[in-house]
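In case you want the letters, here they are:
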Amino acid sequence: GPAGAPAGTAVSTSDVSWSWAASSNATSYEVRLATDTARLLASPATNSVVLTGYVPNTVSSIVVRGVNAVGPGPLSGAGSRYSLAAVPASLSVTSVSSLTIALSWTAAGNAAGTVFELQAATDAATFLAASTGTATTVLLPGLQPGTTHTFRVRAFNGDGAASSFSAVVSTPTLPPAPGMPGT
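Below: a short report on this structure. Here the structure is a predicted model, which is why all the values come from computation and not from measurement.

1. Notes on the side chain of threonine 147
Phase 1: With respect to the helices and strands, the residue threonine 147 is situated in the loop between β13 (137-140) and β14 (148-156).
Phase 2: Here the side chain of threonine 147 touches glutamine 144 through a polar contact of 3.3 Å, landing on its backbone oxygen.
Phase 3: Beyond its immediate sequence surroundings of up to four residues, threonine 147 is in contact with Thr122, Thr171, Pro172 and Thr173.

Encoded structure:
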């Protein structure tokens, strides 16, 4: 029978491991790009392969087919998987007022469209999502004056797998301005 559709597992920001149901009578396999089946990516002897060299959080789509002395068999259905997202880098506070904090970070090589989640805590332990989106800058409004906030950020790949968190940064909001409500 033909080779089964490949199933991928992201093993790093640049590598995806693939396996598929073996094809009866196959002595080797051809792994081809799903969007351009003329492009041969690998010729493993077994029904698994690790493809390398991806940019963080980019999709890999492949098809496979068994090969024996008679020739190649039919192409399988396609399988797709994203490489892991890289941990965002250089999280920093770019401005502070009594009610707002602005932060930025770098995408660290992640592909365009990567989703980042910024988390915040006022006790340096109980982190909650403060911002989610594709931007690498954020302005958080409506904060409590004179309160220390700690932040961390992580990235998600296209399959929803989260990276580790960045290093944390902390900063206090400024004291309340004279005449502010509650002072």
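Still to come is the rest of the account.
2. Considering the environment of arginine 154
Phase 1: Note that arginine 154 resides in strand β14.
Phase 2: Side chain to side chain, arginine 154 and glutamate 117 meet in a polar contact 2.7 Å long.

3. Some remarks on the sheet that holds strand β1 (residues 7-10)
Phase 1: Ordered in space as β1-β2-β5, the 3 strands form an open sheet in which the pairing is antiparallel. Either end of the sheet is taken by a strand with one partner, and the two such strands are β1 and β5 (48-51). The average angle at which neighbouring strand axes cross in this sheet is 20°, direction not considered.

4. Considerations on the pattern of salt bridges
Phase 1: All told, the structure shown has 4 salt bridges when counted by the stated rule.
Phase 2: With a shortest N-O distance of 3.0 Å, arginine 32 and glutamate 30 are connected by a salt bridge.
Phase 3: With relative accessibility at 15%, the residue glutamate 30 sits in the buried group.
Phase 4: For arginine 81, the salt bridge is made with aspartate 159, and the minimal N-O distance between the two is 3.3 Å. With arginine 81 in strand β8 (residues 79-82) and aspartate 159 in the loop between β14 and β15 (169-172), this pair connects stretches of sequence that are 78 residues apart.
Phase 5: The class for arginine 81 is partly exposed, based on a relative accessible area of 29%.

Rules of the game
- Residues numbered from 1 in each chain as written.
- Predicted model: local features only at pLDDT ≥ 70, side-chain atom pairs only at ≥ 80, totals over all residues.
- Heavy atoms only, no water.
- Helix = DSSP H or I, 4+ residues; strand = E, 2+ residues; numbered from the N terminus.
- Polar contact = N/O pair within 3.5 Å; in protein donor to acceptor, adjacent residues only side chain to side chain.
- Contact = heavy atoms within 4.5 Å.
- Pairing = 2+ DSSP bridges.
- Axes fitted to C-alpha atoms, helices over the stretch in contact; angles between N-to-C directions.
- Salt bridge = Lys/Arg side-chain N within 4 Å of Asp/Glu carboxyl O.
- Buried < 20%, exposed > 50% of the residue type's maximum accessible area, 1.4 Å probe, protein only.

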